[in-house]
Amino acid sequence: MCHEELGHPAIETNGNVRERSMTVESGGAEIPVFVAEPTAGASGRVIIVHDIWGANEFYHDLARRFAANGYAAYLPNLFVRQGDLSEQTIEAARARGGLTSYPQALQDVGALITAEGDGPTWGCVGFCMGGTLVMHLASAEARFDAGVIYYGFPANPTITANR
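In this report, we go over the structure that sits alongside the text. (Residues numbered from 1 in each chain as written. Predicted model: local features only at pLDDT ≥ 70, side-chain atom pairs only at ≥ 80, totals over all residues. Heavy atoms only, no water.)

This part takes up the overall build of the protein. Counting its secondary structure elements, the protein contains 5 helices and 6 strands. Seen in sequence order, the protein has helices and strands lined up from the N terminus as β-β-β-α-β-α-α-β-α-β-α. Within the protein, the proportion of its 163 residues that are buried is 49%. Sequence-distant contacts in the protein: of pairs separated by 6 or more residues, those separated by 24 or more amount to 71%. As presented, the protein carries roughly 7,800 Å² of accessible surface, and 53% of it is formed by carbon and sulfur atoms. (Helix = DSSP H or I, 4+ residues; strand = E, 2+ residues; numbered from the N terminus. Buried < 20%, exposed > 50% of the residue type's maximum accessible area, 1.4 Å probe, protein only. Contact = heavy atoms within 4.5 Å. Areas by Shrake-Rupley, 256 points an atom, 1.4 Å probe, with all protein chains shown as cover.)

With that settled, the discussion passes to helix 4 (residues 129–140). Given 3.6 residues per turn, any residue in an α-helix points the same way as the ones three and four places further on. Given a rise of 1.5 Å per residue, 12 residues ought to cover 16 Å, and the 17 Å separating the end C-alpha atoms of helix 4 matches this to within 8%. Within helix 4 the residues assigned to the buried category are Met 129, Gly 130, Gly 131, Thr 132, Leu 133, Val 134, His 136 and Leu 137. (Expected span 1.5 Å × (residues − 1).)

Strands sit in the order 1-2-4-3-5-6 across an open sheet of 6 strands; the sheet is mixed. Of all the strands in the sheet, just strand 1 (17–26) and strand 6 (144–150) have a single pairing partner and so form its edges. With direction set aside, neighbouring strand axes in the sheet form an average angle of 20°. Where strand 1 and strand 2 (residues 29–38) come together, 10 bridges link them in antiparallel fashion. Looking at strand 2, one finds that Val 24 is bridged to Ile 31. Of the strands in this sheet, strand 1, strand 2, strand 3 (44–49), strand 4 (71–76) and strand 5 (122–127) are in contact with helix 1 (residues 57–68), which crosses strand 2 at around 40°. Docked against the sheet, helix 3 (residues 102–116) engages strand 1, strand 2, strand 3, strand 4, strand 5 and strand 6, running at close to 120° with respect to strand 1. (Pairing = 2+ DSSP bridges. Axes fitted to C-alpha atoms, helices over the stretch in contact; angles between N-to-C directions.)

This part takes up unusual backbone geometry. Within the chain, Cys 128 stands out as a residue other than glycine whose phi angle is a positive 55°. Structurally, Cys 128 is set in the loop between strand 5 and helix 4. By relative accessible area, Cys 128 is classed as buried at 12%.

What follows covers the packing of aromatic side chains. Tallied over the full model, the rule gives 6 aromatic pairs. Centre to centre, the rings of Tyr 74 and Trp 122 are 5.3 Å apart; their planes meet at 50°, and the pair counts as tilted. One end of the pair, Tyr 74, is in strand 4; the other, Trp 122, is in strand 5, with 48 residues separating them in the sequence. Judged by relative accessible area, which is 3%, Tyr 74 ranks as buried. For Trp 122, a relative accessible area of 5% puts it in the buried group. Where Phe 127 meets Tyr 150, the ring centres are 4.7 Å apart and the plane angle is 10°; that geometry is what we call stacked. Remark: Tyr 150 occurs in strand 6 and Phe 127 occurs in strand 5; sequence separation between them is 23 residues. Classification of Tyr 150 by relative accessible area gives partly exposed; the value is 38%. Of the aromatic side chains, those joined through ring pairs into one cluster are Phe 58, Tyr 59, Phe 127, Tyr 150 and Tyr 151. (Phe/Tyr/Trp six-rings, centres within 6.5 Å; stacked < 30°, edge-to-face > 60°.)

Shown next, in the form of structure tokens:
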């Protein structure tokens, strides 16, 4: 199941979470990143890798939840090159997802880690398409200390096809 909408009440952060936006240059594109951080300082950092619906409110809320529990959370929009959905349908989301270069998405996440530099440990969590990317990130990116995969696809040929 991909997360096309929030589906539950948004977290109330009571002023304990600071939100900001940043961009990271990768492969000739400016990747927008939503960041949620605890105001008291982070004990670690986590990158959230979205599904085919993109960096929607479900993932923004998840970032706030990580921040409310002491982690700086980064949500890059890995569909910046493909643009917004033409319509909010599963067909449109799958079509946009099919245009995504997985090797480029892996490079985009690596660029985010490089841009943020040294500091607390890194983890990553991904859902569906994002879970597939997290599997590959965890095997290729030495700067990750943890990875959590929600229903990724380990034998996804689109990654090995190097589109």
